[in-house]
Amino acid sequence: MKIYTDLKDFSAINPVVTIGTFDGVHLGHRKVIRRLQELAQKVNGETVIFTFYPHPRLVLNTEDNGLRLINTLEEKKVLLEVAGIDHLVVYPFTKEFSKLTYIEFVEKILVKQLGMKYLVVGYDHRFGHNREGKYEDLKVFADQLNFKIERQDVLNMDAINVSSTKIRNAIADGDIQMANKYLGYRFFIKGDVVNGKKLGHTIGFPTANIDPQESYKLVPKDGVYAVKVDVDDKRYLGMLNIGVRPTVNNQLDNRSIEVHILDFNQDIYFKNITIHFYQRIRNEQFFASLDELKAQLAKDKLEVISLLG
């Protein structure tokens, strides 16, 4: 997959294009991608995804610090490459760019600069200034500019429309199993192992404290999770805690992500590891003593082994 941040470098044969943030690259997105690939094969063309960075909300609502996304940009690149996309355009999103009308965007960028031959849009996709461009308008405009357009219906699973918003809500609620079902893969967090207080060592459950790569990366609801951990191309079972560690922490606003890797005793400080989430197994809770905490962690370990084997 070729990646572009400057359209001067772009070159593709009969580009078949879709547009969006593609947060999660979930099963609904992959339905669109499959159709993109079918059309590209039909017209002897190549698939193109046109996405934006930073996320439009980060630019247009600078006071809104609450945006959290399923994927970082680097994660999204990997997922789209695995999905078989030929070209990824990561277009710089600015306030000036946001003022383009949908007609200007399609004509000046998609047609003149990309050479688009086919446009595939999602069932409710709108773009351009104030999101004024909708499918019906674009369809009329397509004839004038000599490209074809097609709308993909939403993917339904269990009578639910699969969307990035629904998956983000599931992750934020700790419903990892639902999120994974609609993602089509295990939700994951990549991060560096940083120094912690090393209290886990004192009770026989040493933990790696994780610093996610980007501040906008979505972190699941506080609690204990059954996970698998990738370290140096090897995968291990783990149990992960997200929260304030109320039994050992006096600063209850200090939220952390820390994972105990089962049957593992290597020094991995400052290494980058990947955590794949499988299931939330309990709430974070306060224990009256370290012995009670240790006993619960032993139970958690048995549950993780039972779940993940």
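Our subject is the structure listed above.
What you see is a predicted model, and the numbers here were worked out from it, not measured in a lab.

*Asks:* Tell me about empty space enclosed by the protein, residues and numbers included.
*Replies:* Applying the stated criterion across every chain yields a total of one cavity of 30 Å³ or more. In this model, the largest cavity occupies a volume close to 100 Å³. Around the largest cavity, the lining residues are Thr-21, Phe-52, Tyr-53, Pro-54, His-55, Leu-58, Leu-69, Asn-71, Thr-72, Leu-73, Lys-76 and Tyr-216. Those elements giving two or more residues to the lining of the largest cavity turn out to be β3 (46–53) and α3 (73–82). The class makeup of the residues in the lining of the largest cavity is seven nonpolar, four polar and one charged.

*Asks:* Please provide a residue-by-residue account of helix α7 (residues 164–172), values included.
*Replies:* Within the span of α7, buried status applies to Ser-164, Ile-167, Ala-170 and Ile-171. On an axial view of α7, the arc spanned by its buried residues comes to 125°, and they lie on one face. In this structure, the buried side of α7 is in contact with α1 (27–42) and α8 (176–183). Positive backbone phi, approximately 80°, marks Gly-174, located one or two places after α7.

*Asks:* Could you give an account of the packing of aromatic side chains, with specific residues and numbers?
*Replies:* Per the stated rule, a full pass over the model turns up 14 aromatic pairs. Between Phe-50 and Phe-52, the aromatic rings sit 5.6 Å apart at their centres with planes inclined by 70°, giving edge-to-face as the arrangement. On the basis of relative accessible area, Phe-50 is assigned to the buried category, the value being 0%. Between Phe-50 and Phe-105, the ring centres sit 5.5 Å apart and the planes meet at 75°, which makes this aromatic pair edge-to-face. One end of the pair, Phe-50, is in strand β3; the other, Phe-105, is in helix α5 (residues 102–111), and 55 residues separate them in sequence. Comparing Phe-50 with Phe-105, the two get one shared label, buried. Taken together through their ring pairs, the aromatic side chains of Phe-50, Phe-52, Tyr-91, Phe-93, Phe-97 and Phe-105 make up a single cluster. Its end group placed over the ring of Phe-188, Lys-217 keeps NZ or CZ at 5.1 Å from the ring centre.

*Asks:* An account of the sheet that holds strand β2 (residues 15–19) is needed here, citing residue identities and associated values.
*Replies:* In spatial order, the strands read β1-β4-β3-β2-β5-β6; together these six strands make up an open sheet with parallel pairing. With one partner strand each, in any of the chains shown, β1 (2–4) and β6 (148–151) form the two edges of the open sheet. Here the average twist between neighbouring strands, direction ignored, is 20°. The sheet contact formed by β1 and strand β4 (residues 87–92) spans three bridges and is parallel. Each bridged residue has a counterpart across the sheet, and for Lys-2 the counterpart in β4 is His-87. Running at roughly 140° to β3, α1 makes contact with β2, β3, β5 (118–121) and β6 of the sheet. α3 rests against β1, β3 and β4 of the sheet, and its axis sits at about 160° to β4.

Cut-off values and rules
- Residues numbered from 1 in each chain as written.
- Predicted model: local features only at pLDDT ≥ 70, side-chain atom pairs only at ≥ 80, totals over all residues.
- Heavy atoms only, no water.
- 1 Å grid on protein atoms, 1.4 Å probe; cavity = no way out; pocket = protein on both sides within 12 Å on 5 of 7 lines; lining within 4 Å.
- Points joined across faces, edges and corners; volume = space filled by probe spheres on them.
- Helix = DSSP H or I, 4+ residues; strand = E, 2+ residues; numbered from the N terminus.
- Nonpolar A, V, L, I, M, F, W, Y, C, P; charged D, E, K, R; others polar.
- Buried < 20%, exposed > 50% of the residue type's maximum accessible area, 1.4 Å probe, protein only.
- Arc of directions from axis to C-beta.
- Contact = heavy atoms within 4.5 Å.
- Phe/Tyr/Trp six-rings, centres within 6.5 Å; stacked < 30°, edge-to-face > 60°.
- Lys NZ or Arg CZ within 6 Å of the ring centre and 35° of its normal.
- Pairing = 2+ DSSP bridges.
- Axes fitted to C-alpha atoms, helices over the stretch in contact; angles between N-to-C directions.

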